[in-house]
Amino acid sequence: MADFDFDAPPASPLAWMEAWFTEGDGLDVPNPNAMYLATVDADGTPSVRTVLRRGFDARGVVFYTNYESRKSEAMSSSGRASVLFHWDQTDRQIRIEGQISKVETEVADAYFARRHPESQLGAWASQQSRSLRDRATFESEVEAMRARFADAPIPRPPFWGGYRVSLDAVEIWQGHPHRLHDRVRWTASSDGVFNRTRLYP
Ligand SMILES: Cc1cc2nc3c(=O)[nH]c(=O)nc-3n(C[C@H](O)[C@H](O)[C@H](O)COP(=O)(O)O)c2cc1C
């Protein structure tokens, strides 16, 4: 793995992020693309949960979810979110703060079409974050969706899709023995150019 010089970080964090995502994806762990998504509800209550990174480029990090879930309600009221990646094996962390936008319809359709048919039915059946009486109810709703779509291709539900978290601020952290860690933070200015600062760990 190439060395990352925290005394001379690149002008943009993108290349380091790509390298760390690629390296992380190669680790022998169940969900190397897992990330923690933090939101703030309309009343100021913070909340965090795990989602999976399904895309990344200069525009931000993409994940997919139910557009009527608690996280989606929080993001539509605040317009913002924070995301954290942590790889214990390499002692690395990436922290992102950004604005939320929905991914393009065609992108979400294409991603949904690649999902396993059972996951597609699950997306239709799950009223994510709503109250559910029991497991049998959920299973019978999945069966109802199976009957509804029969053998036809299952379209993306209108209430399900992707979000992109933009890269307004990115912090990259490399752990070292005795807590003498390396840490650098990039913040994007309004013209999209990053300012970077090395921080005490
Ligand atoms: C490893 C892992 C991956 C997950 N990936 C997703 C995901 O990509 N999208 C999603 O909506 N929920 C995912 N979940 C479930 C969420 O953590 C969460 O329970 C769900 O989205 C409801 O959150 P909310 O009520 O805050 O909206 C995942 C959970 C785990 C443990």
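Description of the structure in this document. Just so it is clear, the model here is predicted, and its values are computed rather than measured. (Residues numbered from 1 in each chain as written. Predicted model: local features only at pLDDT ≥ 70, side-chain atom pairs only at ≥ 80, totals over all residues.)

Things to note about the nonpolar core
- Of all hydrophobic cores here, the largest spans 23 residues; its most connected members are Ile94, Ile96 and Val170.
- Of all the secondary structure elements, the ones that give two or more residues to this core are α1 (14-25), β4 (60-66), α2 (70-78), β5 (80-87), β6 (92-102), β7 (160-165), β8 (169-174) and β9 (182-188).
- Among the elements that line this core, the one with the most residues is β4, at four residues.
- Aside from chain neighbours lying at most four places away, what touches Ile94 is Met17, Trp20, Phe85, Val170 and Ile172. (Core = buried A, V, L, I, M, F, W, Y, C linked by C-beta atoms within 7 Å. Buried ≥ 20, exposed ≤ 12 C-beta atoms within 10 Å, placed from the backbone. Helix = DSSP H or I, 4+ residues; strand = E, 2+ residues; numbered from the N terminus. Contact = placed C-beta atoms within 7 Å.)

Thoughts on unusual backbone geometry
- With phi around 80°, Ser129 is a residue other than glycine that occupies positive phi space.
- Residue placement: Ser129 occurs in the loop between α4 (117-125) and α5 (135-149).
- A positive phi angle, close to 60°, is found at His178, a residue other than glycine.
- Along the polypeptide, His178 turns up in the loop between β8 and β9.
- With 5 C-beta atoms packed within 10 Å, His178 lands in the exposed category.

Concerning the packing of α4 against α5
- Axis separation between α4 and α5 bottoms out at 9 Å; the angle between their running directions is 115°. Of the possible angle classes, the one that applies to α4 and α5 is roughly perpendicular. In the packing of α4 onto α5, the handedness of the crossing is right-handed. Packed against α4, whose contacting residues are Leu121, Gly122, Trp124 and Ala125, the element α5 presents Phe138, Glu141, Val142, Met145 and Arg146 at the interface.
- Its residues placed into classes, the contact of α4 with α5 shows six nonpolar, one polar and two charged. (Axes fitted to C-alpha atoms, helices over the stretch in contact; angles between N-to-C directions. Parallel < 35°, antiparallel > 145°, perpendicular 65-115°, else oblique. Left-handed = near helix turned anticlockwise from the far one by under 90°. Nonpolar A, V, L, I, M, F, W, Y, C, P; charged D, E, K, R; others polar.)

Details of the site of the ligand
- The ligand sits among 15 residues. The nearest are Thr65, Ser69, Arg70, Lys71 and Ser129.
- Mapped onto the shell around the ligand, the elements with two or more residues apiece are β2 (46-52), β4 and α2.
- Considered class by class, the residues forming the shell around the ligand number five nonpolar, seven polar and three charged. (Near = placed C-beta within 6 Å.)

Side note on the pairing of strand β10 (residues 194-198)
- Bridge count between β9 and β10: five bridges; the pairing is antiparallel. The residue bridging Arg185 from the neighbouring strand is Thr197, located in β10.
- Between β9 and β10, which follow one another and run antiparallel, lie five residues, and Gly192 among them has a positive phi close to 85°. (Pairing = 2+ DSSP bridges.)

Looking at the environment of Ala81
- As for its position among the elements, Ala81 is in strand β5.
- We classify Ala81 as buried; it has 25 C-beta atoms within 10 Å.
- Separated by 18 residues in the primary sequence, Ala81 and Gln99 have C-alpha atoms spaced 6.5 Å apart.
- Ala81 has contacts with Leu37, Ala38, Thr39, Met75, Gly98, Ile100 and Val165, leaving out every residue within four places of it along the chain.

Points about the pairing of β9
- For β8 and β9, the ladder comprises six bridges, and the chain directions are antiparallel. Bridge pairing links Ala169 to Thr187 in β9.

Examining α1
- Counted at 1.5 Å a residue, the expected span for α1 with its 12 residues is 16 Å, and the 16 Å between its end C-alpha atoms agrees.
- If you check which residues of α1 are buried, you get Trp16, Met17, Trp20 and Gly24. All buried residues of α1 project into a common sector of 100° when viewed along the axis, lining one side. Exposed residues pointing more than 90 degrees away from the buried face of α1 are listed as Ala15, Glu18, Thr22 and Asp25.
- Packing partners of the buried residues in α1 comprise β3 (55-57), β5, β6 and β8. (Expected span 1.5 Å × (residues − 1). Arc of directions from axis to C-beta.)

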